[in-house]
Each structure stands twice: as structure tokens, then as C-alpha cells.
Amino acid sequence: MREELLAFVSNRGTLLQPDAIEFLLTQRDPVERLEAFLGSCPETPFVVTLDDVMRAGEIARNAAAQISTRAAPPTILAEAFIPASFRRLGEKAEDREPDVRILRDITGHSTCEGTLADFTRYFRHRFQVLRNMLRSRHDLAGAQEIAKARRSTREVRIIGIVADVRTTKNGHRILEIEDEADRIAVLLPSESAVASEIAVLDEVVGIVGTVNDRGLVIAQSIIRPDLPTVKTFHGTRHHVRAAFMSDIHVGSRTFLEDKWSKVSAWLGSADEIAGSIRYLVVSGDVVDGIGVYPRQDEELVIDDIYGQYEALARMVADLPDRVSVIMLPGNHDAVRPAEPQPAFPTSIQNLFDSNVIFAGNPSLLSVEGVRILAYHGRSMDDLVSAIPGMSYARPLEAMKAMLRMRHLAPIYGGKTPIAPEAEDHLIIDEIPDIFATGHVHAAGVDQYRGVVLVNSSTWQAQTPYQKMRNIEPMPARLPIVDLASGQAIVREF
Ligand code: D5M
Ligand code: FE
Ligand code: ZN
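A quick note: this is a predicted structure, and the numbers were derived from the prediction, not measured.

A. How the structure looks around the site of ligand 1. Within the structure, ligand 1 sits among 15 residues, and Asn331, His332, His439, His441 and Tyr465 are positioned closest to it. One of the side-chain N or O atoms of Asn331 is found 2.8 Å from an oxygen atom in ligand 1. Contacts to ligand 1 include Tyr392, whose side-chain N or O atom sits 3.1 Å from a nitrogen atom. Coverage of ligand 1 by the protein chains reaches 86% of its 460 Å² of free accessible surface. Considered class by class, the residues forming the shell around ligand 1 number 4 nonpolar, 6 polar and 5 charged.

B. Main features of the pairing of strand E6 (residues 183-188). Of all 6 residues in E6, 5 are buried, a share of seventy percent or more. Once strand E5 (residues 173-178) ends, the chain turns through 4 residues before running back antiparallel as E6. Of the pairings in the sheet, the one linking E6 to strand E8 (residues 217-223) comprises 2 bridges and is parallel in character. Each bridged residue has a counterpart across the sheet, and for Leu187 the counterpart in E8 is Ile218.

C. Geometry of the coordination of the zinc ion (ligand 3). Surrounding the zinc ion (ligand 3) are the protein donor atoms Asp285 (OD), Asn331 (OD1), His376 (NE2) and His439 (ND1), which sit 2.1 to 2.3 Å from the metal. In the primary sequence, the donor residues of the zinc ion (ligand 3) line up as D-x45-N-x44-H-x62-H. Separating the zinc ion (ligand 3) from the iron ion (ligand 2) is a gap of 3.2 Å, which Asp285 spans by donating to each of them. Of this pair, Asp285 sits in the loop between strand E10 (277-283) and helix H10 (305-317) while His376 sits in the loop between strand E14 (370-374) and helix H12 (380-386), and the two are 91 residues apart along the sequence. On the basis of relative accessibility, which here comes to 0%, the residue His376 falls in the buried class.

D. Spotlight on the sheet that holds strand E7 (residues 204-211). If you walk around this closed barrel you meet the 5 strands as E4-E5-E6-E8-E7, and the pairing is mixed. On average, adjacent strands in this sheet sit at an angle of 55° to one another, irrespective of strand direction. By the bridge criterion, 6 bridges tie E7 to E8 in an arrangement that is antiparallel. Residue pairing in the sheet places Ile207 in a bridge with Ile222 of E8. The sheet contacts of helix H6 (residues 116-135) involve strand E4 (155-167), E5, E7 and E8, and relative to E4 the element is tilted by about 135°.

E. Quick look at the pairing of E4. Looking at chain direction, E4 and E7 are connected through 7 bridges and run antiparallel. Bridge pairing in E7 links Arg157 to Val208. Taken together, the 6 bridges between E4 and E5 define a ladder with antiparallel strand orientation. Of the residues in E5, the one forming a bridge with Thr167 is Arg173. Linking E4 to E5, which pair antiparallel, is a turn of 5 residues; within it Gly171 sits at a positive phi near 85°.

F. Spatial organisation of the pattern of salt bridges. What the rule picks out here adds up to 22 salt bridges. A salt bridge links Arg183 to Glu176; the shortest N-O distance between them is 3.1 Å. Arg183 gets classed as partly exposed once you look at its relative accessible area, which sits at 37%. Arg336 is the salt-bridge partner of Glu421, the closest N and O atoms lying 3.0 Å from each other. Here Glu421, found in the loop between helix H13 (395-405) and strand E15 (434-437), pairs with Arg336, found in the loop between strand E11 (324-328) and helix H11 (346-349); they are 85 residues apart in sequence, far enough to count as distant. Accessibility expressed as a relative area gives 26% for Arg336, which makes it partly exposed. Through salt bridges with shared partners, a single ionic network connects Asp164, Arg166, Glu176, Glu178 and Arg183.

G. Local environment of empty space enclosed by the protein. Counting across every chain of the model gives 2 cavities of 30 Å³ or more. In this structure, the largest cavity spans a volume of roughly 160 Å³. Every residue lining the largest cavity is counted, 14 residues in all, and those nearest its centre are Arg104, Leu364, Leu373, His425 and Ile427. Here the residues of the lining of the largest cavity are counted per class, giving 8 nonpolar, 2 polar and 4 charged. Size it by volume and the second largest cavity reaches roughly 60 Å³. As for the second largest cavity, its lining consists of Phe127, Arg131, Arg135, Ala143, Gln144, Glu145, Ile158, Ile159, Asp179 and Glu180. Secondary-structure elements contributing two or more residues to the lining of the second largest cavity are H6 and E4. In terms of residue count, the dominant contributor to the lining of the second largest cavity is H6 (3 residues). A per-class count over the lining of the second largest cavity returns 4 nonpolar, 1 polar and 5 charged.

About the thresholds
- What you see as residue numbers is a count from 1 along each chain, following the sequence as written.
- The naming scheme follows written order: chains are lettered A onward, ligands numbered 1 onward.
- Only residues with pLDDT of at least 70 are given local features in this predicted model, and only at 80 or more are side-chain atom pairs given and counted; all residues enter the totals for whole chains, interfaces and linings.
- As a rule here, side-chain values come from all non-hydrogen atoms in the structure, and water together with hydrogens is ignored.
- To be near a molecule or strand, a residue needs just one of its heavy atoms within 4 Å of it.
- Polar contact is defined as a pair of N or O atoms within 3.5 Å, subject to the rule that within protein one atom must be able to donate a hydrogen and the other to accept it, and that residues adjacent in sequence are counted only when both atoms are side-chain atoms.
- Areas reported as accessible are Shrake-Rupley estimates using a 1.4 Å probe. Residue values count occlusion only from the protein chains shown.
- Three classes are used, and their members are as follows: Ala, Val, Leu, Ile, Met, Phe, Trp, Tyr, Cys and Pro are nonpolar, Asp, Glu, Lys and Arg are charged, and the others, Gly among them, are polar.
- Residue exposure (1.4 Å probe, protein chains only): buried if accessible area is under 20% of the type maximum, exposed if over 50%, otherwise partly exposed.
- Secondary structure elements are defined from DSSP: runs of H or I of at least 4 residues count as helices, runs of E of at least 2 residues count as strands, and each element is numbered from the N terminus.
- Strands are labelled as partners when DSSP assigns at least two bridges between them.
- Here a donor is any nitrogen, oxygen or sulfur atom (N, O, S) within 2.8 Å of the metal, with 3.2 Å used for Na, K and Ca; water is not among the atoms considered, so some sites may look incomplete.
- Helix axes are fitted to C-alpha atoms over the stretch in contact, other axes to C-alpha atoms as well, and angles between N-to-C directions run from 0 to 180 degrees.
- Whether two residues touch is decided by their heavy atoms; if any such pair falls within 4.5 Å, the residues are in contact.
- Here, a salt bridge means any side-chain nitrogen of Lys or Arg that lies within 4 Å of a carboxyl oxygen of Asp or Glu.
- Only protein atoms enter the 1 Å grid used here, on which a cavity is any set of points holding a 1.4 Å probe that cannot leave and a pocket is any open set flanked by protein within 12 Å on both sides along at least five of seven lines; residues with an atom within 4 Å of a point are listed as lining.
- Grid points are joined across faces, edges and corners, and a volume is the space filled by probe spheres set on the points.

Next comes the structure, spelled out in C-alpha cells:
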């Protein structure tokens, strides 16, 4: 059987990890199992891992469910258009025990002091993790170090961190990319297909191209770590729901108290959808804070930081008991501004009742086994300025860019302060089932290669600053995701 399996693998032009081989050989039909997995991938992966083949059985089981999810892709639906099935299928959340685990965040693990050595180590870690991801991509098999590729006369495949991006007077674009030992210029010819590829500073990319006689790489393609395959939604058995909020900005003059009363009353009402909400993920900017921007004091109705959190704690205490709240900080909150941000200090946590679980920003959560990557989303300020076509009104596009780069905040030294921790916690290492952000005060749901995307609105009206910058918020929308199917809706208040 072993020979037959290995022959099949080599025929399909892929590789099997040794532990994946051993696992498959314990199965009734190893070849069929592997074939099921390969059939679920849009392109043949370079290496098939143990995790892949273990999930192959689930893929078949989930196929039927997936078809129904695909038939109803997540979209913004006004209340009148929320499908009857979404209403009908909801489980009564109060019948269930909460199950929330924080799988990864910085809380209690910060080691960085901001020394030069910290920066070097941080970027080395970022580069190594993302390079390993890129190396497993088919197109980058056998990628060389820059120093070696420089002398090559054939097609080269290199991986580097983007150190500079500029446009020449002839309209060509030049990227400088860097690995641990060398740096090289890469030309994206203006008339070629790669010309439309926008690279941002400090992201890690792979380049396929040729080296010309002046030592310049002429790129044929740019390869991003991306999500290599379309993911199956690993849902719960029961139709339990999670709702998503952020940017409540309690303490601000523009906090929408009447809208909050509405959503709070609805969550406590007999509505079937409300009754199916078991979890509420709150992704930062929960209060307006103090001294976050110049002359903020003129816009505050509560000018004491503890007073702001106390007011929020009372609002959260009024939510129904069945709703477990997971709360992370944002750039207005009372923790260090540099990302990754730790969870709130105990002095703030103690103001809240036991229904609230505190996590860092970002954090990878497991909610009844469904992986949720929650991130406030500050880096969207930098992505919107760096990538033409990105806008504050379309955060879901910026979130897709993050998934393609497999990094939450690639640009260093922009508006997003980043702490050079020993490991880069902003890498999107594990692919989540749901990816949630806030910050831009917009709202929407979508999906990218099987990952459900949520941007969670705000409970603050337009501020004078946003008016000046022409940022039109979409307040008082509540995205709700079914943890069984991944189906998502947005309810407006
Ligand atoms: O951010 C709320 C919104 O305002 C979000 O769309 C970003 C935008 N904003 C806030 N501060 C800035 C700066 N300094 N530059 C550009 N855009 C900004 P919030 O985090 O709630 O203040
Ligand atoms: Fe905000
Ligand atoms: Zn924010």
C-alpha cells in the first residue's frame, strides 16, 4: 500500500509529510482519502501535511453543508431581508454553556524594550515565518537567497521583505527587497501584468523573474503568502450565533446612547435571532479615552478614564446573562498604544462582571471550536494611504489584503505603532474561520477564500475630526454570524 500511495503522490506532483503518510496508511483507503483532500484544493499544494489529511474526512462530511453556505454567501441584509431560515434555525443560546478560549495574544508575554536588538529580532522573525509560508507555495519551490540569485543567468525565485517602493520617470515600478544577507532591486515593467501589483513597505513577498546584466531583477510575477486553498468553514453542530461590536466610544459627546438602548433592549427581547446570540465580540475603542488626540477634552461628557469604563460596565451588565462578552482594546483604550496590545489591566477588568472575558489586540479566539481572529484594525489607516483603491468606506477590501499578506499590520513606522516583540504577533499564522475588525466605523460582512470577514460598525456618530476628514461613519449596525454555517447578516438599529 505504501508504494501505491507514494506513486499516487508523485503522479499528482505533490509531496506528503512523513507523519501524513503514516496517518494515511492507518486509513481504510489511503489513496481515496488523499484524493478527497486534493480535490478540495483549487491548486495542488506543494506539501500535504498531517493536518490536511486529517481534515480530508471532514471535507467530505462538510460538502453538503458547504453547498448551502455557498448558496447564501454572507451579505449585508436589511432586517426585512434576513432569510427566514436564519431566524428559524437559531438555537436558544440560554440553553448552552459558554465555551471561549484565548488561543493567542500578547497578554503576559511581552518582552520587548524597544532596543535595536529587539527590532532586528522582530523583523527576522517576521521574515522567517512568512518566508516559510511562501516556500511551501508551488511557484516558489526552490527559492534562492538573494546573494545567490543575483549571479543566476536563468529564471530566479527569491523571497524578501519590501524595503522600498518607487516609480521611475518612465512609469516602471521598482521594489527593493531584502533577505537576511542581501538586498536587490526588482523592476515591475509598466507594460506587464505585474505592473498593477501594489506592494507595501515591510510586507514579505516572493518574486519570480530574471536577472538582467545590470543586476536588476525583471519580475514576471509577485507571489504573496495568501490563503493557498479555499477553506471549509469548521462550524459548530448547533446554530449558535456570535455578534460583533467595536468603537462604542463611551464618554464621547457623540456616543449614540439611544442606539445603544435599542440594541441592548433587542438583545434582551423575545426575538428569535436575538435569543440565538450567545457571544458578543467587542473589538476595541470601547471607551473614548482621555488625551487620545488634541483637544479631545472638549468632546467628552465623561472626562475620567475610570468613569468611562464604569459607565460601559453598567451598560454591559444590563445585557442578558446568556451573552458572553469578549472584549479587546483599541487605540482609544487605556493600555499601551503599541500593537500587539495586552488585555485591560485588572484595575479596569474588576469594574466588569464575570460575563466579560478580556483578551489582547489582536487575539486568536476559539469560540466553541470556531477560530475567530479579532483585531481592532488600526493598520487600515496605513493600508488606506498606501494602496490605491483602498478606502475607509471599504474595510473588507483592506482585510482581504491583510489575508493575502498574512499580516495584520505590515507597514512599520506609519500611523500604527508596533512593539518589536520577540515574535511577530501580527502575522496571520493560523487561518481563522472568522476574521473580525473595527476601527474604521464602517460595517459589513463578506468572505475571502472561505474565511468569514466582519467589520463591526460603531456606536458613535460622526465626530468633528471625521467631518473634517470626510469620513462618513455607518453607526449602529450589528453583524451576526452563525457559528454552524458561517452565514452572516448585519442588523441595523
Ligand atoms: O478612528 C475612527 C476613524 O477615524 C477611522 O476611520 C480612522 C479615522 N482616524 C482616526 N484618527 C486618524 C488619524 N490620525 N489619521 C487618519 N485617520 C484617522 P478612531 O480610532 O475611533 O479615532
Ligand atoms: Fe474607533
Ligand atoms: Zn480605532
